[in-house]
Amino acid sequence: MATPPRSGVPLAWPEQPGDLPRQFTSRDSLERELKQLFPQAEGGLSPIEGGRRRAEELLTRIQPQRYGKGRNFLDGPVTRLSPYIRHGVLTLAEVRDAVFRRTRERQSSEKLINELGWRDYWQRLWRQLGDGIWHDQEALKTGHASNSYASDLPDDIATGSTGLACMDGFIAELHSSGWLHNHARMWLASYLVHWRRLRWQVGARWFLQHLLDGDPASNNLSWQWVASSFSHKPYIFNRSNLERYSGGRFCSACCLRDRGCPFEASYEDLDSRLFQR
Ligand SMILES: Cc1cc2nc3c(=O)[nH]c(=O)nc-3n(C[C@H](O)[C@H](O)[C@H](O)COP(=O)(O)OP(=O)(O)OC[C@H]3O[C@@H](n4cnc5c(N)ncnc54)[C@H](O)[C@@H]3O)c2cc1C
């Protein structure tokens with residue numbers, strides 16, 4: 001226990017070393033404090049607000065009926081609840097109950113409940129595997145040896161300057177907001193592992209440095225699913241898939257729009273280009 005202040009010593013209890021201030025009068029004062037504490041950090045606060053009040057607000061906006069058909073579109077009706085679930089602001093059971101409150105027939109909320117199930121499943125696997133989630137769960141199905149994948153994150157990816165409007169857009173969003181839509185995570189992960197031939201662990205570590213919902217279980221096991229060390233085949237996509245689910249907003253502004261897009265091909269062609277079967 002700390003000793004009481006003697007006369008002549010300020011009455012306020014000193015903060016313990018390592019304590020960070022917790023009360024702020026506004027987001028601006030939080031931002032100012034962070035800038036002072038971490039002068040090397042680039043950019044400002046994420047636009048995603050924390051806290052229980054904001055989480056409850058988002059809970060009232062979930063659209064379980066529309067979710068199933070629309071969830072793969074970047075502007076689709078996803079909940080954006082992951083940072084709150086990740087940090088324990090909301091429990092999965094609370095989200096489940098909110099979903100059921102907003103649905104007449106249970107079947108129509110099936111897809112969203114399924115996704116909550118994935119989160120639960122990954123957490124349970126983590127408990128079982130521990131740090132094993134950092135290792136390949138199975139052999140890759142790409143035909144490439146796992147030691148043929150690179151171990152360093154290339155600069156153009158770290159800085160979001162690959163020249164591909166889609167990938168640079170996702171990286172900029174990851175840096176500025178700390179959140180990405182699931183489909184964008186899949187595309188970006190697939191690009192890193194299959195087009196750039198990076199070890200999935202490199203990408204997983206990089207995501208965890210930036211995601212506000214960064215969670216080793218959901219993250220690493222999803223990277224392994226993309227890489228094919230935890231699924232029966234590697235996940236790839238092509239331009240038409242990305243264009244459709246992103247509403248074409250990246251391709252129309254991309255310098256490689258007319259020539260040189262690495263995703264412009266059929267799945268069969270990409271498969272033979274990227275993998276050794
Ligand atoms: C490469 C990659 C890395 C990922 N890393 C993370 C991570 O670090 N942390 C994380 O929480 N999720 C991760 N995910 C899963 C998923 O992308 C996010 O949970 C989801 O995009 C969060 O947005 P949302 O809250 O709008 O999800 P919604 O689609 O609205 O789903 C509701 C909730 O269900 C859970 N959920 C949804 N999809 C998944 C999924 N595929 N796996 C596990 N749980 C899911 C989340 O808790 C989410 O908040 C990753 C996916 C990929 C492909």
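Procedures and definitions
- Residues numbered from 1 in each chain as written.
- Predicted model: local features only at pLDDT ≥ 70, side-chain atom pairs only at ≥ 80, totals over all residues.
- Axes fitted to C-alpha atoms, helices over the stretch in contact; angles between N-to-C directions.
- Helix = DSSP H or I, 4+ residues; strand = E, 2+ residues; numbered from the N terminus.
- Parallel < 35°, antiparallel > 145°, perpendicular 65-115°, else oblique.
- Left-handed = near helix turned anticlockwise from the far one by under 90°.
- Contact = placed C-beta atoms within 7 Å.
- Nonpolar A, V, L, I, M, F, W, Y, C, P; charged D, E, K, R; others polar.
- Near = placed C-beta within 6 Å.
- Domains from an automatic or database assignment.
- pLDDT = per-residue confidence, 0-100.
- Buried ≥ 20, exposed ≤ 12 C-beta atoms within 10 Å, placed from the backbone.
- Core = buried A, V, L, I, M, F, W, Y, C linked by C-beta atoms within 7 Å.

Peer 1: Help me get a handle on the packing of helix H9 (residues 182–195) against helix H11 (residues 216–227), residues and values and all.
Peer 2: Relative to each other, H9 and H11 sit at 60°, their axes nearing to 9 Å. Classified by the interaxial angle, the pair formed by H9 and H11 is oblique. The two elements H9 and H11 meet at a crossing, and its hand is right-handed. Across the interface between the two elements, Met186, Ala189, Ser190 and Val193 of H9 pack against Trp223, Val226 and Ala227 of H11. Considering only residue class, the contact of H9 with H11 consists of six nonpolar, one polar and no charged.

Peer 1: Mind laying out the site of the ligand, listing which residues take part and the relevant values?
Peer 2: Close contacts around the ligand come from 28 residues, with Val78, Thr79, Ser82, Asn219 and Ser222 the closest. Partitioned by chemical class, the residues of the shell around the ligand number 12 nonpolar, eight polar and eight charged. Inspection of the shell around the ligand shows a minimum of three residues originating in each of domain 1 (52–130) and domain 2 (146–274).

Peer 1: Tell me what's going on with the confidence of the model for the chain, and back it up with residues and numbers.
Peer 2: Keep in mind that low pLDDT regions are not for reading the predicted coordinates in detail. When pLDDT is averaged across the chain, the result is 93; 94% of the residues are at 70 or more. Confidence over residues 1–12 falls short of pLDDT 50; this stretch has three contacts with residues more than four positions distant or in other chains.

Peer 1: Break down unusual backbone geometry for me, with residues and values.
Peer 2: The phi dihedral of Arg80 is positive, around 60°, even though this residue is not glycine. In this fold, Arg80 is placed in the loop between helix H3 (64–70) and helix H4 (82–86). For Ser228, which is not glycine, the phi torsion reads 95° and is therefore positive. In this fold, Ser228 is placed in the loop between H11 and helix H12 (239–245). Judged by the 22 C-beta atoms lying within 10 Å of it, Ser228 falls in the buried class.

Peer 1: An account of the nonpolar core is requested, with residue identities and associated values reported.
Peer 2: Cys166, Met167, Phe170, Trp187, Leu188, Leu192 and Val193 are the most contacted members of the largest nonpolar core, which totals 30 residues. Those elements that provide at least two residues to this core are helix H8 (165–177), H9, helix H10 (200–210) and H11. With seven residues, the single largest contributor to this core is H9. Excluding its chain neighbours within four sequence positions, the residues that come into contact with Leu188 are Met167 and Phe170. Listed in part, the nine residues of the second largest apolar core include Tyr84, Ile85, Leu90 and Val99.

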